[in-house]
Amino acid sequence: MSYLNQPVTPAVKIAGRQEKFAVRRVYCVGWNYEEHIREMGQEPEREPPVFFMKPPDALVPNGGLIPYPTATQNLHYEVELVVAIGRSAKDIATSAAKEIIYGYAVGLDMTRRDLQAHAKKNGQPWALAKGFDHSAPISTIHPACDIGHPLSGSIWLEVNGKRRQDGDLSRMIWSVPEIIQHLSGYFELFPGDLIFTGTPAGVSAVVQGDQLRGGIEMIDTLEITLG
Ligand code: MN
């Protein structure tokens, strides 16, 4: 009997392709829509984007059931545009950022909001609030060569059929090329990296049994049930 695990590379389905997108890292941007910053009790200022990470094995495929996580009484959804990186780059200019994008997906940045509030108040990292198991549901990835690069379009989320988030990609404070420019100044990006790009306003708590359905116009719809 071995105590060594077999290496497991999380992978996400690609629309219209046999091969899957093997995931290397999951980066996330915090605070990228003004109305969401206000609902979190902050004033939007154009400070550099806030980055954090989730472990790749926190990804959950479309249609999945996610358990209500331990250690929280205030689990929130955040529907987000996810960018899939297809080429390596570091310190890349905004004008060249599109060249490294493989495609786009719809994601949920599930958040233990109570632990995040505690971390913010005490100057602690967000790992427990953001990086827990099953915290990153994601749709199929749609290659940019099929759908182009969405600059605008409705981004929305429904809980049990009721519309809760209703934003537009054009309202992002930091555009996708700007996010890539900043992030690639801190980390060399590689094929397999995903970037969750922040959520519009309307976040709130969900409970066991809730059905979450989020979508982005021209990309996909993502459905998750909270077990
Ligand atoms: Mn988020």
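Residues numbered from 1 in each chain as written. Predicted model: local features only at pLDDT ≥ 70, side-chain atom pairs only at ≥ 80, totals over all residues. Heavy atoms only, no water.

**A few points about the coordination of the manganese ion**
Here is step 1 of the chain: Protein coordination at the manganese ion: the donors are Glu78 (OE), Glu80 (OE) and Asp109 (OD), at 2.0 to 2.1 Å from the metal.
Here is step 2 of the chain: In the primary sequence, the donor residues of the manganese ion line up as E-x1-E-x28-D. Here the residue glutamate 78 occupies a position in the loop between strand E7 (75-76) and strand E8 (79-85), and aspartate 109 occupies one in the loop between strand E9 (101-108) and strand E10 (111-112), the gap between them amounting to 31 residues.
Here is step 3 of the chain: Overall, the relative accessible area of 0% leaves aspartate 109 in the buried class. (Donors = N, O, S within 2.8 Å, 3.2 Å for Na, K, Ca; no water. Helix = DSSP H or I, 4+ residues; strand = E, 2+ residues; numbered from the N terminus. Buried < 20%, exposed > 50% of the residue type's maximum accessible area, 1.4 Å probe, protein only.)

**Quick look at the packing of aromatic side chains**
Here is step 1 of the chain: One pass over the full model with this rule turns up five aromatic pairs.
Here is step 2 of the chain: Both rings, one in tyrosine 27 and one in phenylalanine 187, keep their centres 5.0 Å apart while their planes meet at 45°; by these two values the pair is tilted. You can see tyrosine 27 sitting in strand E3 (residues 26-30) and its partner phenylalanine 187 sitting in the loop between helix H5 (176-186) and strand E15 (194-196), a full 160 residues away along the chain.
Here is step 3 of the chain: The buried category is assigned to tyrosine 27, whose relative accessible area is 0%. (Phe/Tyr/Trp six-rings, centres within 6.5 Å; stacked < 30°, edge-to-face > 60°.)

**Digging into the pairing of strand E13 (residues 154-159)**
Here is step 1 of the chain: In terms of burial, E13 is a largely internal element, five of the six residues being buried.
Here is step 2 of the chain: Relative to strand E14 (residues 162-168), E13 runs antiparallel, the two sharing six bridges. Within E14, the residue paired with valine 159 across the bridge is lysine 162.
Here is step 3 of the chain: In sequence, E13 turns back onto E14 through a hairpin of two residues, with asparagine 160 there showing a positive phi of about 50°.
Here is step 4 of the chain: Sheet topology note: the E13/strand E16 (residues 211-216) ladder contains five bridges and is antiparallel. Considered in E16, the bridge of tryptophan 156 is made with glycine 215. (Pairing = 2+ DSSP bridges.)

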